[in-house]
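Coordinates in review
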Amino acid sequence: MSTNGARLRPATSSLREVTGLPPYLRLLAGTQFAFNTGFYAVLPYLATHLGDGLGMAGWLVGLVLGLRTFSQQGLFVVGGALTDRYGPRPVVLAGCVLRIAGFAWLAFAASTVTVVAAVVLIGFAAALFSPAVESETAREAVHRERADGTARARTLAVFSAAGQAGAFLGPLLGSLLLAVGGDWGFRAACAAGVAVFVAVFAGHAVLMPRRAAVHRARSRGGVRHLARNPRFLLLCLTYSTWLLAYNQLYLALPAEVERATGSQAALGWLFALSSLLVVTAQIPLTRHAAVRLAPRTALTYGLALVAAGFALVPVTPGGPGGLIPGAILVTLLTCGQMLLVPAARGLVPDLVDGRHLGLATGALSSVSGLAVLGGSAASGLLLQAPAPVLWGALAAVPLAGAVAARLLPSGRGDGEAGRAAG
């Protein structure tokens, strides 16, 4: 009986965190869950569809996937600026409409031009949708912190866990539709994505407040504000080291799994391990960290865990199946993620004027995405280096981020929080 109670306690606690959110925050967390469910029902199978289904060359498949990433991550700053200027509701609704159109178009796109157009549309939809929802969640987390003392990191952790749950469920839904849909399987997955975003659009059209924009100033003033804000730029630099490290799940980890096992067949299990860790542990971990660690400290410790994950790969025995080094890397990287991502997002309102919170939220992703673009090329050149050199260099990046994080404000009442909550 006691064992079962211990097993149920984390799940019950996590459910209590979700149901304990104010209604608007529950809407935002549910939005993130639905967004990732619809997105990941399609994305993991896009490369196979383009290569095997449409007969595209490998370089062209890579180009299409790269354009999708650029149209999303690189343009987050655009979505953030529009959120500041017009308020979150119209930006979220526009993102839903573009995502619906993009998935519907992709389902029937057969030429290179139409596929590229559909994929770019899907990416730009996220560039509108995500900064609006993330900045609104950060703003509401600050309001809640002031109203009842709930640490903003706890609220943002629920948001992260909801998104990861969607990222876990989406591929399962997509694989089911591909299995039962036969030749129409990919179109069925796209149709599921359309259905999810139609539901998200309807929910937000009814439930999202018609809140006025935070301000109507030109976005150029916001860009100047951020460019002259050394603490925010330092946060962008620190967060960039994390994103570059996280990107190794798609670059260095597959190479390690293939080296250890002779194929990449086990890679899916490692990704599932990461998702399950976030779904089950994100909320309880952040709840405990929020009362013991300042956001700056959580960010520092998280990056240090990520660095340790890379450093341990070349010195850890392969063990059964040769997957132990990869599993340790995924575990430590995910634990670091659970500490640092809510902390970094929670710091943004303390570092910028609240009138520019949407722009800052988008800029954090866009600047980091550009750093990853350059850093990935450099890390790709290291894949053929000896293991101590490769993994030592990769560990040095988040370790440098951990050192830089110590220069940030603690995140407990300092900075520009008063204006940031706006």
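Residues numbered from 1 in each chain as written. Predicted model: local features only at pLDDT ≥ 70, side-chain atom pairs only at ≥ 80, totals over all residues. Heavy atoms only, no water.

Under the convention used in this document: UniProt positions are given in the numbering used here, feature names are shortened, and annotations may be inferred rather than shown by experiment.
In the annotation of an unreviewed UniProt entry, the entry for the protein chain reads MFS transporter, and the organism field reads Streptomyces odorifer. The Subcellular location (unreviewed entry) field of the UniProt record for the protein chain holds the comment "Cell membrane".

**A look at the overall build of the protein chain**
Here is the rule: Comment: elements are numbered from the N terminus, with helices defined as DSSP H or I runs of at least four residues and strands as E runs of at least two. Think of it in three bands: residues with accessible area under 20% of the maximum for their type are buried, residues over 50% are exposed, and the middle band is partly exposed, with areas taken using a 1.4 Å probe on protein chains only. It only takes one pair of heavy atoms within 4.5 Å for two residues to be counted as in contact. Per-residue and other accessible areas were derived by the Shrake-Rupley procedure at a 1.4 Å probe size, with only the shown protein chains allowed to occlude residues.
Looking only at helices and strands, the protein chain features 18 helices and 0 strands. Taken across its 422 residues, the protein chain has 52% of its residues classed as buried. Intrachain contacts of the protein chain at a sequence separation of at least 6 include 85% that bridge at least 24 residues. Of the roughly 17700 Å² of accessible surface on the protein chain, 67% is carried by carbon and sulfur atoms.

**A closer look at the packing of helix α2 (residues 23-40) against helix α7 (residues 112-148)**
Selection rule: Note on method: axes are straight lines fitted to C-alpha atoms, helices fitted across the in-contact stretch only, with angles between N-to-C directions ranging 0 to 180 degrees. The cut-offs work like this: below 35 degrees is roughly parallel, past 145 is roughly antiparallel, 65 to 115 is roughly perpendicular, and the gaps in between are oblique. By convention the crossing between two helices is left-handed if the near helix lies anticlockwise of the far one by an angle smaller than a right angle, and right-handed if it lies clockwise.
At a minimum axis distance of 10 Å, the contact between α2 and α7 shows a crossing angle of 155 degrees. The angle between α2 and α7 places the two elements in the roughly antiparallel class. When the axes of α2 and α7 are compared, the crossing they make is left-handed. In this structure, α2 contributes Tyr-24, Leu-25, Leu-28, Thr-31, Phe-35 and Phe-39 to the contact, and α7 contributes Ile-122, Ala-126, Phe-129, Ser-130, Val-133, Glu-136, Thr-137, Glu-140 and Arg-144.

**Side note on the environment of Ala-298**
Mapped onto the secondary structure, Ala-298 falls in helix α14 (residues 295-312). Non-local contacts of Ala-298, meaning those with residues more than four positions away in its chain, are made with Leu-293, Leu-339, Leu-340 and Ala-343.

**Some details on the environment of Pro-409**
Mapped onto the elements, Pro-409 comes out in the loop between α17 (387-405) and α18 (417-420). When the C-alpha atoms of Pro-409 and Pro-295 are compared, they prove to be 8.7 Å apart, with 114 residues separating the residues in sequence.

**Overview of the packing of aromatic side chains**
The following threshold applies: Aromatic rings from Phe, Tyr and Trp, with only the six-membered ring used for Trp, were paired whenever their centres fell within 6.5 Å, and each pair was classed as stacked if the ring planes differed by under 30 degrees, edge-to-face if by over 60, and tilted otherwise.
Summed over all chains, the structure comprises 6 aromatic pairs. Taking the centre distance of 6.4 Å and the plane angle of 15 degrees together, the rings of Phe-35 and Phe-39 count as stacked. With a gap of 4 residues between them, Phe-35 and Phe-39 both fall in helix α2, about one helical turn apart. Comparing Phe-35 with Phe-39 shows no difference in burial state: the two are buried. Consider the rings of Trp-242 and Tyr-246, whose centres lie 5.2 Å apart with planes at 50 degrees: the pair is tilted. Here Trp-242 pairs with Tyr-246, and both are found in helix α11 (residues 230-246), just 4 residues apart, close to one helical turn.

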